[in-house]
Amino acid sequence: MDYENRNHHKESIEKDGIDRIEKVLSYLHNRQIEYDIYYHPPLPTIDEAMLYWSNIDATHCKNLFFRNHKGDKHYLILLNHRSNMDIHSLEKRLKEGKLSFASEARMIKHLGVKPGSVSFFGLINNTEKNVILFIEKNLLTVNKISFHPNDNRATVVISGDDFRKILDSLTHFEVFD
């Protein structure tokens, strides 16, 4: 896809979507983190996103939000978009029983996002710091990384160094292979 006009799709985003995006951009700006932003149609799946991400020079991520069977613990999993998540291995590692995808209500409550827009940047909204973050090891060594800015109609690219700085400031995280 051609990104010559990066703002082409921005006009179709309603106010609450723009507000979520602007909150992320403000967070980055306040920390003097440089970024590139790309607007596009809604991209709720990796397959759809790849049509628009193919010309963006960055490592793209899959972001998954789970809850334990009791519903009292929440997990945000970041992995390379090409990787597959072995949910059974994660369940064994956590010793929390069966994990399931979190509901829309839980996404909104804990990350401030809607389905299809789960993002690392949702942790900005997790003021209680009660979401446990797991990161695929290879994401800690990338040069550039991309995430939705809490709305799946845009993609933000930041440097790997800035990603690691944000990680250290937002939350405790665990690494997996």
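Residues numbered from 1 in each chain as written. Predicted model: local features only at pLDDT ≥ 70, side-chain atom pairs only at ≥ 80, totals over all residues. Heavy atoms only, no water.

(A) Geometry of helix α4 (residues 104-111). Taken residue by residue, α4 has M107, H110 and L111 as its buried positions. The buried residues of α4 occupy an angular sector of 90° when projected down its axis, which confines them to one face. Projecting away from the buried face of α4 at angles above 90 degrees are the exposed residues A105 and K109. At the exit of α4 stands G112, carrying a positive phi of roughly 70°. (Buried < 20%, exposed > 50% of the residue type's maximum accessible area, 1.4 Å probe, protein only. Helix = DSSP H or I, 4+ residues; strand = E, 2+ residues; numbered from the N terminus. Arc of directions from axis to C-beta.)

(B) Layout of the packing of aromatic side chains. Inspection of the entire model under this criterion finds seven aromatic pairs. Relative to F101, the ring of F66 has its centre 4.7 Å away and its plane inclined at 25°; by these criteria the two rings are stacked. Here F101 lies in strand β4 (residues 100-101) and F66 lies in strand β2 (residues 59-67), a separation of 35 residues in the sequence. Using a relative accessible area of 4% as the deciding quantity, one classes F66 as buried. Overall, the relative accessible area of 56% leaves F101 in the exposed class. Centroid distance F120 to F147: 5.1 Å. Interplanar angle 35°. Geometry classified as tilted. Here F120 is found in the loop between α4 and β5 (131-136), whereas its partner F147 is found in strand β6 (residues 144-147), with 27 residues between them in sequence. We note that F120, like F147, is buried. Put simply, the rings of F120, F121, F147 and F163 pair up and form one aromatic cluster. (Phe/Tyr/Trp six-rings, centres within 6.5 Å; stacked < 30°, edge-to-face > 60°.)

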